[in-house]
Amino acid sequence: MSSGKNGKKVNAKIGGKAIINPGAKLAWTKNLTVESAKKMIDLGQILSWDNGRNAAKVLGVSGCEEVVRYVANRLGDRYADRLASEILLETLYAILKSVESESVMISFLEGLFDSEEFENITKQLVDISLGGEVGESPIEKAVITVAVSLICEIGLNIYKIEDEHPGQIARSKALTEHIATYLLSVSNTNVQTVRICLLRYFSQTEYGKTVKVNYSRIMNRFGHTIYEALFQQLFVKKSEKIASQFLLENLPCGLEDSHRDTQFIVHEMLKQHMFKESERFCLFIHQLGAHLIAISQEGSLCLAAENFSRHLVSLYVVTAELGHRELAKEVLQELHRFGPYGECKNWIRSLETDPSISRLFREIVTEYRKKVVERGKLDASTSQFRKSTRGRKPSITKGDFGFLEQVRVLGEYEVRHTAA
């Protein structure tokens, strides 16, 4: 230890690491280092939300990564003490909210999954974080968003590890059921960021399951509202990349859900935006169709793809009812991409004889089959909306965004309510 200017005591350094000066006053706002942060964590000093941004700025991303991993270690020592755990989690959430870096959350997760007390920590973390009521203040909404996003990542990683290495996590099923129960307990909230997290979580954990108990529950509670927000953002330049990625990753679960209400919601979203944003809608269903075929097994369609083709049949009928010839041709072209699989060809042929469809639109189906499909020109056929028009080539750009950025951007959007 040495004296600086004006005789003030400063922290000495050994091997490049700061050593806390016992005579210096510890605080989250002054002379903050990774080592002093760890010391305050040991002493039970809470990092407030007001000081969180300053701590994140001073420590930087790498410093915050080290600190949250230390919090994970300390949770392993103190999980039996609820008050001590609450203090640690408040500091953790202040850092995660302030730094808004996916790598920082991942660093905590790594520390958590490496802990010998993983199960005890996780149960305590979930109980504390989601055991109370969701408040309406900005800080309370921020806390619940961070907590839910973290807990969703814990659950998703448990599924991933068990899928790759069965039996590696003791009582994994009990843990995921515990997590699901608590996540459902906050599903009545109107906090959009929380809804985004829940939709993503149950879409990924229940995809492929015959019965989607939890997914159906959240769809009943806020399915129409959340999908309306997502589809609106799909047609906003600022958010289209993220909305497109989110829908491609999570809509397949909704498409394969056998629950009638879920399919009604999906159909209404597709129908509504097909007419509101026709050009960009057709670009999106082209992306979605390609994605669904890609995730299907070779030579057959997955259930999500099969149900999507059914929706396309219904959409063609709607375009016929409203006399929209150009849209009808766009939908028909996408529908024929599924023609070689299963019953899709029969569904398409039924459009040629359906008495509820006007003769003009039945003839469009027949003409397309004879002039394009049977002549092997389907692959060469290009959507009018994907051709260059007036020097501009319309497109919905793809993105590769982390889960935190998806939650932040998509959750901030206010749904535009328009008159019917």
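The rules behind each value
- Residues numbered from 1 in each chain as written.
- Predicted model: local features only at pLDDT ≥ 70, side-chain atom pairs only at ≥ 80, totals over all residues.
- Heavy atoms only, no water.
- Helix = DSSP H or I, 4+ residues; strand = E, 2+ residues; numbered from the N terminus.
- Buried < 20%, exposed > 50% of the residue type's maximum accessible area, 1.4 Å probe, protein only.
- Contact = heavy atoms within 4.5 Å.
- Areas by Shrake-Rupley, 256 points an atom, 1.4 Å probe, with all protein chains shown as cover.
- Polar contact = N/O pair within 3.5 Å; in protein donor to acceptor, adjacent residues only side chain to side chain.
- Salt bridge = Lys/Arg side-chain N within 4 Å of Asp/Glu carboxyl O.
- Phe/Tyr/Trp six-rings, centres within 6.5 Å; stacked < 30°, edge-to-face > 60°.
- pLDDT = per-residue confidence, 0-100.

Asks: Please clarify how the overall build of the chain should be interpreted in this entry.
Replies: When you go through the chain residue by residue, the secondary structure sums to 17 helices and four strands. Residue burial in the chain is summarised as follows: out of 420 residues, 50% are buried. Summarising the internal contacts of the chain: among those between residues at least 6 apart in sequence, 71% fall at separations of at least 24. Carbon and sulfur atoms make up 48% of the accessible area of the chain, which amounts to about 20,900 Å² in all.

Asks: Would you explain the environment of N190 in this entry?
Replies: Its location among the elements puts N190 in the loop between α7 (172–185) and α8 (192–205). By relative accessible area, N190 is classed as partly exposed at 47%. Linking N190 and T225, residues 35 residues apart in sequence, is a C-alpha distance of 9.9 Å. Every residue in contact with N190, bar those within four places of it in the chain, is listed here: E136 and R195.

Asks: Which parts of the structure should I look at to understand the side chain of S36?
Replies: Mapped onto the secondary structure, S36 falls in helix α1 (residues 34–43). Of the residues examined, S36 reaches a relative accessible area of 4% and is grouped as buried. In this structure the side chain of S36 is engaged in a polar contact, spanning 2.8 Å, whose partner is the backbone nitrogen of T33.

Asks: Would you take a moment to explain the pattern of salt bridges for this structure?
Replies: If charged atoms from side chains of opposite charge come close, those side chains can pair. Evaluation of the coordinates by the stated rule reveals 23 salt bridges. R369 serves as the salt-bridge partner of E374, at 2.6 Å between the closest nitrogen and oxygen. Given a relative accessible area of 53%, E374 falls into the exposed group. One salt-bridge network, held together by shared partners, links D42, R74, D77 and R78.

Asks: Just checking my understanding: could you explain the side chain of T91 for this structure?
Replies: Mapped onto the elements, T91 comes out in helix α3 (residues 82–99). The class for T91 is buried, based on a relative accessible area of 2%. If we ignore the near neighbours within four places in the chain, the residues touching T91 are W28, Q45, I46 and L47.

Asks: Sorry, what's going on with the environment of S85 here?
Replies: By secondary structure assignment, the location of S85 is in helix α3. Spatially, the C-alpha atom of S85 lies 8.6 Å from that of R74, the residues being 11 residues apart in sequence. Beyond its immediate chain neighbours, meaning those up to four positions away, S85 contacts L75, R78, Y79, Q124 and I128.

Asks: Teacher, can you tell me more about the packing of aromatic side chains here?
Replies: Across all of its chains, the model carries five aromatic pairs by this definition. When the centroid spacing of 5.2 Å and the interplanar angle of 85° are considered together, the rings of Y201 and F202 count as edge-to-face. Taking the relative accessible area as the measure of exposure, F202 reaches 1% and is therefore buried. Arranged with centres 6.4 Å apart and planes meeting at 70°, the rings of Y316 and F361 form a pair that is edge-to-face. Of the two residues, Y316 sits in helix α13 (residues 303–321) while F361 sits in helix α16 (residues 359–373), which places them 45 residues apart along the sequence.

Asks: It is not clear to me how the confidence of the model for the chain should be interpreted in this structure. Could you clarify?
Replies: Segments scoring low in pLDDT should not have their predicted coordinates read at a detailed level. For the chain, the average pLDDT comes to 86, and 87% of its residues sit at 70 or higher. Low pLDDT, under 50, characterises residues 1–24; the stretch is placed with 24 contacts to residues that sit more than four places away or in other chains. In the model, residues 388–394 has pLDDT below 50 throughout and makes nine contacts with residues more than four positions away in sequence or in other chains.

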